[in-house]
Amino acid sequence: MTYAITQTCCSDATCVAVCPVNCIHPTPQERAFGSTEMLHIDPATCIACGACADACPVDAIFPVDRLPAAQKEYAAINAAYYEEAEAARPEPDGPNFHAWGEPEFPRVLPADFAPLKVAVVGTGPAGMYAAQDLLLHTSAEVTLIDRLPVAGGLVRYGVAPDHPATKKVGDTFARFHAHPRVRMHLGLDVGTDVTPEEIAAHHDAVIYAVGASADRRLSIPGEELPGSLSASAFVAWYNAHPDAAPDAVDLSAERVVVVGNGNVALDVARILLADPDTLARTDIADHALAALRGSKVREVVLLARRGPEHAAYTTSELLALKHVPGVELVVDDHDPRTAAALDAADPHAKAAALRGVARRRPDWDEPPAPGRRIVLRFHCTPREVLGEGRVEAVRVASDAGEQTVRAGMVLRAIGYRGVPVAGLPFDENSGTVPHEAGRVTGHPGTYVVGWIKRGPTGGIGANRTCAAETVTTLLADAVAGALPAPQHTPRSFHRLARRRNRHVIDARGLAAIDRAERTRGRATGRPRVKLSTVAELVATARSNRMSLRH
């Protein structure tokens, strides 16, 4: 029996670190790491010890003979990754049957290295991987800051509710929230409540992990019509983000057009058509669940500018789309290049996953046919959103000319974009903060990690390697004496934060929020019921503090 890595792989390489026989690849030291969609276990060398499954933060690793029905194909996917390398595998010339690289020691800290005081702005995966690295490998004291009154970032507000295994990485991060060397300041807005200069004056170094909160625009006529919104706004709405109004989404249309074909596009298409009774067992926002129960949406059309061989989604997410109960997956056969790409695709190529999927040429002037379906339309570019007072159709262009797709809602899912951070330089072209291996250009003691550092690429696990690079740079600067000396202590920063914002939430308040949400969830058979407004979150955190006083 061997193990296989499945759909929810986060690629953070925790499994690689614990594998005793080096059978999980690509490793962070290999060139392919970061460019492959997921990690793979070599069935020829796996000894089925289960160490990788125990370490996996997202429950993505299973024994092959226990794979759920919808994930049986991952046994072949893992094996196929190694087929081409099999012929080149060298014969063992000694008792060690597995290839190992030379040991590396990227960090060497002096024995008298003093504890650092580091502030991390942002409590999503990037920030928490950086904090985890500092807490586990140094004696640093960490101040966690977030503008929202609850921690989690992308894990809480970006992962689709029907991907509960992916959300489990949040449990790994949560154990550091109450760490004895951590101080938490949630609900504290940098640039409004405190300035970057004030944070820097109280810490040896500051790491910004603020993500990419804006979305890219289509820049076509009609984009501002009611019924046209960003996928990021839709995701925030169904994930109970405090910035999303409960009535922000109208699901009265029968057909929805999603512009884009990345994983976010697939997420919103899947949620729009998912069975509400199934979603009722997740942590989806109450207002979103109620709206989906009354939804009229029966068909979602995903528009992609290029062909299926260049699709931005991962193969694993596409395969999951094929297993959504009661939802048919269809390929629009309007362009002969689509069929040619699917038929000629290598068996292991992304496009090959669409073989066997129904191909049709829908009549876009008519309402959707009975049933629920997701239609993938490749080689198609939106030119204009049409409608009198709200979205009624989308005019699209392809090699065959222009066509109008009748739809009552348009979601743009063409990528995220970073926004300027107060007091830091910003590259408008890339939407990132200029840096050198995480060190902010021209700002000693200031660092970046995550999407604000590298742009909106890579999933949750990619932040682990990204954070390791930034922390390594920070520690090298500390050893070299290049960090500015702080003028005040983190304790005085705590007092400053409380003066500026009396609603700042600490680790005890966050724990109270977590308990309240889980308690609400147990009453309805759900993992949690999220508090969806700042007022609710603050009141719940404060109620814990008041109860402790009495």
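The text that follows walks through the structure, step by step, so that each part is easy to find. (Residues numbered from 1 in each chain as written. Predicted model: local features only at pLDDT ≥ 70, side-chain atom pairs only at ≥ 80, totals over all residues. Heavy atoms only, no water.)

1. A few points about the sheet that holds strand β17 (residues 393-398)
Reading across from one edge, β16-β17-β18 is the order of the 3 strands in this open sheet, with antiparallel pairing throughout. Of all strands in the sheet, those with a lone pairing partner are β16 (381-386) and β18 (401-406), marking the two edges. Ignoring strand direction, the axes of neighbouring strands in this sheet form an average angle of 25 degrees. Judged from the 6 bridges that link them, β17 and β18 form a sheet pairing that is antiparallel. For Ala393, the partnering residue across the bridge sits in β18 and is Arg406. (Pairing = 2+ DSSP bridges. Helix = DSSP H or I, 4+ residues; strand = E, 2+ residues; numbered from the N terminus. Axes fitted to C-alpha atoms, helices over the stretch in contact; angles between N-to-C directions.)

2. Some thoughts on the packing of helix α4 (residues 125-137) against helix α16 (residues 462-479)
α16 packs onto α4 with a crossing angle of 50 degrees between their chain directions and a minimal axis gap of 8 Å. Here α4 lies oblique to α16, going by the angle between them. As for the relative orientation of α4 and α16, their crossing is right-handed in sense. On α16, the residues that touch Pro125, Ala126, Tyr129, Ala130, Asp133 and Leu134 of α4 are Asn463, Arg464, Ala467, Ala468 and Val471. Residue classes in the contact of α4 with α16 are distributed as 8 nonpolar, 1 polar and 2 charged. (Parallel < 35°, antiparallel > 145°, perpendicular 65-115°, else oblique. Left-handed = near helix turned anticlockwise from the far one by under 90°. Contact = heavy atoms within 4.5 Å. Nonpolar A, V, L, I, M, F, W, Y, C, P; charged D, E, K, R; others polar.)

3. A short note on the environment of Pro149
When you line up the elements, Pro149 lands in the loop between β6 (141-146) and α5 (154-157). Spatially, the C-alpha atom of Pro149 lies 41 Å from that of Arg306, the residues being 157 residues apart in sequence. Ignoring any residue separated from it by four or fewer positions in sequence, one finds Pro149 in contact with Leu186, Gly187, Ile505, Ile513, Val534, Leu537 and Val538.

4. Considerations on the pattern of salt bridges
Inspection of the entire model under this criterion finds 38 salt bridges. A salt bridge links Asp133 to Arg107, with the nearest nitrogen and oxygen atoms 2.7 Å apart. Taken together, the residues span a long stretch of sequence, with Asp133 in helix α4 and Arg107 in the loop between α3 (73-86) and β5 (117-121) at a distance of 26 residues. Here Asp133 falls in the buried class, since its relative accessible area comes to 8%. Of the charged contacts, one joins Arg518 and Asp171 as a salt bridge, the two residues approaching to 4.0 Å between their closest N and O atoms. Of this pair, Arg518 sits in helix α18 (residues 507-522) while Asp171 sits in helix α7 (residues 169-174), and the two are 347 residues apart along the sequence. Accessibility expressed as a relative area gives 31% for Arg518, which makes it partly exposed. Look at the salt bridges and you will find they share partners, linking Arg156, Asp171, Asp514, Glu517, Arg518 and Arg528 into a network. (Salt bridge = Lys/Arg side-chain N within 4 Å of Asp/Glu carboxyl O. Buried < 20%, exposed > 50% of the residue type's maximum accessible area, 1.4 Å probe, protein only.)

5. Quick notes on the packing of helix α9 (residues 231-238) against helix α10 (residues 263-273)
For the pair α9 and α10, the least separation of the axes is 10 Å and the interaxial angle reads 50 degrees. Judged by the angle between their axes, α9 and α10 are oblique. Seen along the crossing, α9 lies across α10 with a hand that is left-handed. Of the residues in α10, those touching α9 at Ala231, Phe234, Val235 and Tyr238 are Val264, Asp267, Val268, Ile271 and Leu272. A breakdown of the residues in the contact of α9 with α10 according to their chemical character gives 8 nonpolar, no polar and 1 charged.

6. Some points on the pairing of strand β15 (residues 373-377)
A large share of β15 lies buried, amounting to 5 of its 5 residues. Residue alternation in β15 divides its side chains into two sets, Arg373, Val375 and Arg377 and Ile374 and Leu376, and both sets are buried. Examined bridge by bridge, strand β12 (residues 299-303) and β15 share 5 bridges and lie parallel to one another. Within β15, the residue paired with Glu299 across the bridge is Arg373. Direction of pairing for strand β13 (residues 328-332) relative to β15: parallel, over a ladder of 4 bridges. In the strand pairing of β15, Val331 is matched with Leu376.

7. Details of the sheet that holds β12
One open sheet accounts for 7 strands, arranged β10-β19-β11-β12-β15-β13-β14; its pairing is parallel. Here the strands that pair on one side only, and so sit at the sheet edges, are β10 (228-230) and β14 (358-360). Ignoring strand direction, the axes of neighbouring strands in this sheet form an average angle of 25 degrees. Packing of α9 onto the sheet brings it into contact with β10 and β19 (409-412), and relative to β10 it is tilted by some 75 degrees.

8. Quick word on the side chain of Thr540
Inspection of the secondary structure puts Thr540 in helix α19 (residues 534-549). Apart from residues no more than four positions distant in its own chain, Thr540 is found in contact with Ala512, Ile513, Ala516 and Leu531.

9. Some thoughts on the packing of aromatic side chains
In total, this model carries 5 aromatic pairs according to the counting rule given. Ring centres 5.1 Å apart and planes at 80 degrees place the aromatic pair Tyr81 and Tyr82 in the edge-to-face group. Geometrically, the ring pair formed by Tyr416 and Trp451 is tilted, given 5.7 Å between the ring centres and 35 degrees between the ring planes. Linking Tyr416 in strand β20 (residues 416-417) with Trp451 in helix α15 (residues 451-454), this pair joins segments that are 35 residues apart in sequence. Using a relative accessible area of 18% as the deciding quantity, one classes Trp451 as buried. An aromatic cluster is built from Phe234, Trp237 and Tyr238, whose rings are joined through pairwise contacts. (Phe/Tyr/Trp six-rings, centres within 6.5 Å; stacked < 30°, edge-to-face > 60°.)

10. A short note on the nonpolar core
Proteins that are soluble and globular tend to have nonpolar side chains buried together. Counting residues in hydrophobic clusters, the biggest one holds 123 residues, and the most contacted among them are Ile24, Tyr238 and Leu354. Within the second largest apolar cluster, 20 residues are counted, among which are Val121, Leu188, Phe426 and Phe493. (Core = buried A, V, L, I, M, F, W, Y, C linked by side-chain atoms within 4.5 Å.)

11. A look at the side chain of Asp335
Structurally, Asp335 is set in the loop between β13 and α14 (336-344). We classify Asp335 as buried; its relative accessible area is 5%. There is a polar contact of 2.8 Å between the side chain of Asp335 and the backbone nitrogen of Arg337. Once residues within four sequence positions are removed from consideration, Asp335 is found in contact with His379 and Asp399. (Polar contact = N/O pair within 3.5 Å; in protein donor to acceptor, adjacent residues only side chain to side chain.)

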